[in-house]
Amino acid sequence: MSRAVIIALVILVPAVSTTATALIVNSRASNPSAPEEQRTAKEKFFGAGKALPPIKDGQEMGPRW
């Protein structure tokens, strides 16, 4: 391959990947309100997203030796 082809590829690959990433992010952001069924399924799988309860005195996390 000639030097011009290599330089063109080095410039083209990041441009294409950046464009693809921008399109994917924009397509996902266009539907911000997920249906109730999807939201409940996500909460069931990942957890409700609520804050964890405070750690009681004497129960700090430590190594299990």
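What you are looking at is a predicted structure, and each value in this text was computed from that prediction instead of being measured. Each chain has its residues counted from 1, following the order in which its sequence is written. Owing to the predicted nature of the model, reporting of local features is limited to residues with pLDDT of at least 70; listing and counting of side-chain atom pairs is limited to 80 or more, with chain, interface and lining totals taken over all residues. Side-chain descriptors were evaluated using all non-hydrogen atoms of the structure, hydrogens and water having been removed beforehand.

### Here we look at the packing of aromatic side chains
Rules: Aromatic pairing here means that ring centres of Phe, Tyr or Trp (its six-membered ring) are within 6.5 Å. Orientation follows from the plane angle: under 30 degrees is stacked, over 60 is edge-to-face, and everything else is tilted. Throughout this description, buried means an accessible area under 20% of the type-specific maximum (1.4 Å probe, protein chains only), exposed means over 50%, and partly exposed covers the range between.
Going through the model one piece at a time under the given rule, you end up with one aromatic pair. Considering the side-chain rings of F45 and F46, the 4.8 Å spacing of their centres and the 90° angle between planes classify their relative orientation as edge-to-face. In terms of burial, F45 and F46 fall into one category: exposed.

### Section: the UniProt feature "signal peptide" (unreviewed entry) in the protein chain
Counted only if it meets this: UniProt positions are given in the numbering used here, feature names are shortened, and annotations may be inferred rather than shown by experiment. We count a stretch as a helix when DSSP gives it H or I for four or more residues in a row; a strand needs E for two or more, and each element gets its number in order from the N terminus.
Residues given the UniProt feature "signal peptide" (unreviewed entry) here are residues 1-22. Structurally, residues 1-22 comprises 91% helix and 0% strand, and the distance from its first C-alpha atom to its last is 31 Å.

### Considerations on helix α2 (residues 36-46)
Among the eleven residues in α2, zero count as buried, and that is only a small part of the element. Positioned one or two residues after α2, G47 has a phi angle of 105°, which is positive.

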